[in-house]
Amino acid sequence: LFTGQPPFDGKPAKAMHKVLDKEPTLPSEIADVPEELDEILLTALAKKKDDRYDNIVYLRDELQDLYEEC
């Protein structure tokens, strides 16, 4: 959504392999977005559940804080 492309691309089997084994490219390397957005989105996309936001409200709050800073 922020970069205009999915975090992993390719044919379905290759994309699934990337989802399981690779880290997504930093959004700021793909699109003109603030580097602060990288940490927020990578947390949302974390592979381990314990590394992701506990609640969507926390993600919303971080995005809102970043928006208000810009």
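Preceding this section is the structure that the text describes.
Quantities reported herein were computed from a predicted structural model and do not represent experimental measurements.

## Structural notes on the nonpolar core
Phase 1 of the analysis: One finds A31, V33, L37, I40, L41, Y53, L59 and L66 forming the largest nonpolar core, which totals eight residues.
Phase 2 of the analysis: When residues of this core are traced back to their parent elements, those giving at least two are α3 (36–44) and α4 (56–69).
Phase 3 of the analysis: Counting residues per element, this core draws most heavily on α3, at three residues.
Phase 4 of the analysis: Contact partners of V33, with chain neighbours within four places excluded, come to F2, P27 and S28.

## Focus: the packing of α3 against α4
Phase 1 of the analysis: Two numbers describe how α3 lies on α4: the axes approach to 10 Å, and their chain directions differ by 170 degrees. Taken together, the axes of α3 and α4 are roughly antiparallel relative to one another. For the pair α3 and α4, the contacting residues are E36, L37, I40 and A44 in the first and L59, E62, L63 and L66 in the second.
Phase 2 of the analysis: Residues belonging to the contact of α3 with α4 are distributed by class as follows: six nonpolar, no polar and two charged.

## What to know about a nonpolar patch on the surface
Phase 1 of the analysis: Taken together, the side chains of M16, V19 and L20 present a nonpolar region at the surface, about 290 Å² in accessible area.
Phase 2 of the analysis: Tracing the backbone through its elements, the reader meets L20 in helix α1 (residues 12–21).

## Digging into α3
Every α-helix winds through 3.6 residues per turn, so residues three or four apart in the chain are directed the same way.
Phase 1 of the analysis: Every buried residue belonging to α3 is among L37, D38, I40 and L41, and all of these are buried.
Phase 2 of the analysis: Against α2 (27–30) and α4 lie the buried residues of α3.

## A few points about the environment of L63
Phase 1 of the analysis: Looking at the secondary structure, you find L63 in helix α4.
Phase 2 of the analysis: Assessed through its relative accessible area of 25%, L63 is described here as partly exposed.
Phase 3 of the analysis: Setting aside chain neighbours within four positions, we find L63 in contact with F2, L37 and I40.

Definitions and limits used
Residues numbered from 1 in each chain as written. Predicted model: local features only at pLDDT ≥ 70, side-chain atom pairs only at ≥ 80, totals over all residues. Heavy atoms only, no water. Core = buried A, V, L, I, M, F, W, Y, C linked by side-chain atoms within 4.5 Å. Buried < 20%, exposed > 50% of the residue type's maximum accessible area, 1.4 Å probe, protein only. Helix = DSSP H or I, 4+ residues; strand = E, 2+ residues; numbered from the N terminus. Contact = heavy atoms within 4.5 Å. Axes fitted to C-alpha atoms, helices over the stretch in contact; angles between N-to-C directions. Parallel < 35°, antiparallel > 145°, perpendicular 65-115°, else oblique. Nonpolar A, V, L, I, M, F, W, Y, C, P; charged D, E, K, R; others polar. Patch = residues over 30% accessible without salt bridge, like charges linked within 9 Å, V, L, I, M, F, W, Y side chains within 5 Å. Areas by Shrake-Rupley, 256 points an atom, 1.4 Å probe, with all protein chains shown as cover. Salt bridge = Lys/Arg side-chain N within 4 Å of Asp/Glu carboxyl O.

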